Amino acid sequence: MENDFLEVATLGRSVGLKGYVKLYNKSDFPEQFKKNAKFFDKDGKEFILKDFNKINSSALFFGFEDIELAKELTNKILYTTKELTRKTCKLKKDEFFYFDILSLAVVEDDEELGVVVDIQDISKDRLLEVRTDKILVDAGLPKTFFIPYIDNFILNVDLSQKTIYVKNSRAILENS
């Protein structure tokens, strides 16, 4: 899969006779599912949304407007690109796309603690999974640890410097 592609939905069984399929959203941006939105499968084949019913999360795609054609879409995973995501999904102040946060360095008091390798959704809060810097691992600290994405730990995210500046996080690492 091209590195630029992001998984956004899985298509389920057909719904009704007109070609609608159940859409299982896997993104934080349900507003991207609207008429004429473009998505792709794992091979890069394009799928254009003809209609989306928000009430029952069913989607109709151009070229699949009957039940038999819609059955071909069952279990298909839909992707979008980072570029399309940036164009269609609007962020609020101090919000970031996951793909922008992954691989950022985590720094506390000028010491690099590690690199963000994953983001876990735990209730309303997120946890940054950090792969600990090799120097710290060699000193006996854990290979990975988690930092809550809340103000008590996150000082600043600087995408231009590819760095997340943190506080109180070395203590989490030492006690992991």
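Residues numbered from 1 in each chain as written. Predicted model: local features only at pLDDT ≥ 70, side-chain atom pairs only at ≥ 80, totals over all residues. Heavy atoms only, no water.

Peer 1: Mind showing me how you'd approach the pairing of strand β1 (residues 5–15) here?
Peer 2: For a regular strand, the rule is simple: side chains alternate between the two faces of the sheet. Where burial is concerned, most of β1 is hidden: 8 out of the 11 residues are buried. Judged from the 5 bridges that link them, β1 and strand β6 (residues 77–81) form a sheet pairing that is antiparallel. When the sheet's bridge partners are listed, Ala 9 is paired in β6 with Leu 78. Across 5 bridges, the pairing between β1 and strand β2 (residues 20–25) is antiparallel. Residue Leu 11 lies in a different strand from β2, and its bridge partner there is Leu 23. As consecutive antiparallel partners, β1 and β2 are separated by 4 residues, and within that stretch Gly 16 has a phi angle of approximately 80°, a positive value. (Buried < 20%, exposed > 50% of the residue type's maximum accessible area, 1.4 Å probe, protein only. Helix = DSSP H or I, 4+ residues; strand = E, 2+ residues; numbered from the N terminus. Pairing = 2+ DSSP bridges.)

Peer 1: What should I look at first to understand the UniProt feature "domain: RimM N-terminal" (unreviewed entry) in the protein in this one?
Peer 2: When the UniProt feature table is mapped to this numbering, "domain: RimM N-terminal" (unreviewed entry) covers residues 8–83. Along residues 8–83 the backbone is 8% helical and 45% strand, and the end-to-end C-alpha distance reaches 14 Å. (UniProt positions renumbered as here; feature names shortened; annotations may be inferred.)

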